[in-house]
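Below are the chains, spelled out letter by letter.
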Amino acid sequence: MFERVKKGDDTTESPDTNRTESEKTFGSLRSKVTGRGGDVAVIGRSIQINGDLRGDEDLRIEGDVSGTVELRNSVLTIGKEGKVKAGVYAKAIAVDGETKGDLYATERVSVHVNARVQGNIIAPKVSIEEGAHFKGSIEMDPAAIEKALGKTTASSTVKSVAQKKAGNVADTKAEPKSTVKDASASVNPPAKTA
Amino acid sequence: MIASLRRASSRAPPVSPVAFHAPLFHDLVAGLDATERHVVLDLGAASTAMLALLGRSRCRVEIADLAHFGGIDQLNKTELGPAFANAADSILPKQLPGDAIDLVFCWDLPNYLTLNALSGLMNAIGQRARPGALAHALIYYSEHDMREHPGRLVPTEDGGLIDYSNTHAAIAAPRYSPEDLGKSMGRFVLDRARLLSNGMQEFLFRF
């Protein structure tokens, strides 16, 4: 669905002459980004999606997404231009833009400076940078996190099977097993003033 | 708008951004039982330091950030009654069934609310709180002025608080008395109070 782009070296858009018709049509979905540590699919800033997004690769959202986002084995980054109005399920979630909806991560949620997040966060590790804006709840009780993530995984599996039977799921992935060991928030204590 | 919230002439901030000791806050956080689950309502902005502090025990933290998300204006402009109850519900994070609030951190936000708005808000919070719940607040008391906007108060490693807000304009502080607060905290009653070195008064209320 999305173009894979290599992280780790600065890349630019490939020239139009090298693109297929399909690539031209979905060009905004295929803009290249750079980063470190592997391939990332990108939803460009001009793209609006209403519905369920599901996949098994890292994704960066710079456009508008409403509905549900499920990347259970992967990392989701909501970029500075990204606006997500959805329940989000991923291995790790990093927010630089705006989200409205609950964020579930089996490993970590990071809310960066100037991000705006409204909803609940359920993850073993949560960090919110000074200057980020957050309204909602953060579950820090390991037992409650495990219960919430377990329930989410189970209910989603049931939903996936039901949808598959109905024939409306094109890409069904194996559900990851949630493992929750550490429920402490990461610590970045503020600098002291004399 | 009540007279006590009128704009004062622009001048240097009445409270310089230095750490100050808040013993009631310190005792409150230090006394959290790490083996028990606590539900904490934070009316201020989220901070990593506060999350780290609360993360030492089994907490669910509900963050309202009244200042940034428009809650203060909304509460001050809404008359007490059903409309106020709706407004309070919309500005407070959704509650989990059976998860009653144990602790409320009001920070310096009561200074920016009218007594009516404060009363309505604490009544709404009281409906979500369990008996014995505690509410902590900081009130401008000695100084006549306060920052134009609520502070961004963050706990320090040594148990103090520091205000990271960068606003420089000042407004007149309402300087609510313990009697004013006693009548405006809903079913929360005054438990302890301390005058701090920075001129603020620290209050602990019990439900």
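This report concerns the structure included in the present document. Just so it is clear, the structure is predicted and the values come from calculations on it, not from any experiment.

1. Description of the overall build of chain A
Here is step 1: Looking only at helices and strands, chain A features two helices and 12 strands.
Here is step 2: Along chain A, helices and strands appear, N-terminal first, in the series β-α-β-β-β-β-β-β-β-β-β-β-β-α.
Here is step 3: Here chain A, with 194 residues, has 36% of them falling under the buried criterion.
Here is step 4: Residue pairs at least 24 apart in sequence account for 27% of intrachain contacts in chain A once pairs closer than 6 positions are excluded.

2. Concerning helix α4 (residues 82–91) of chain B
Along an α-helix, residues three or four apart share an orientation, since each turn contains 3.6 residues.
All names here are of chain B.
Here is step 1: F84, A87, A88 and I91 are the residues of α4 that are buried. With its buried residues spanning 100 degrees around the axis, α4 presents them on a single face. Along α4, exposed side chains directed more than 90 degrees from the buried face belong to P82, N86 and S90.
Here is step 2: Of the surrounding elements, those touching the buried residues of α4 are α3 (71–77) and α5 (115–126).

3. What to know about α5(B)
All names here are of chain B.
Here is step 1: For α5, spanning 12 residues, the distance from its first C-alpha to its last is 16 Å, which sits close to the expected 16 Å at 1.5 Å a residue.
Here is step 2: Those residues of α5 that fall on the buried side of the exposure criterion are A117, L118, G120, L121, M122, A124 and I125.
Here is step 3: Residues of α5 that are buried sit in contact with β2 (37–42), α3, α4, β4 (101–105), β5 (129–140) and α6 (178–184).

4. Describing the environment of B:N123
Residues and elements named next belong to chain B.
Here is step 1: Topologically, N123 is positioned in helix α5.
Here is step 2: Classification of N123 by C-beta neighbours within 10 Å gives partly exposed; the count is 18.
Here is step 3: With 61 residues separating them in the primary sequence, N123 and S184 have C-alpha atoms 9.0 Å apart.

Thresholds, definitions, all that
Residues numbered from 1 in each chain as written. Chains lettered and ligands numbered in written order. Predicted model: local features only at pLDDT ≥ 70, side-chain atom pairs only at ≥ 80, totals over all residues. Helix = DSSP H or I, 4+ residues; strand = E, 2+ residues; numbered from the N terminus. Buried ≥ 20, exposed ≤ 12 C-beta atoms within 10 Å, placed from the backbone. Contact = placed C-beta atoms within 7 Å. Arc of directions from axis to C-beta. Expected span 1.5 Å × (residues − 1).

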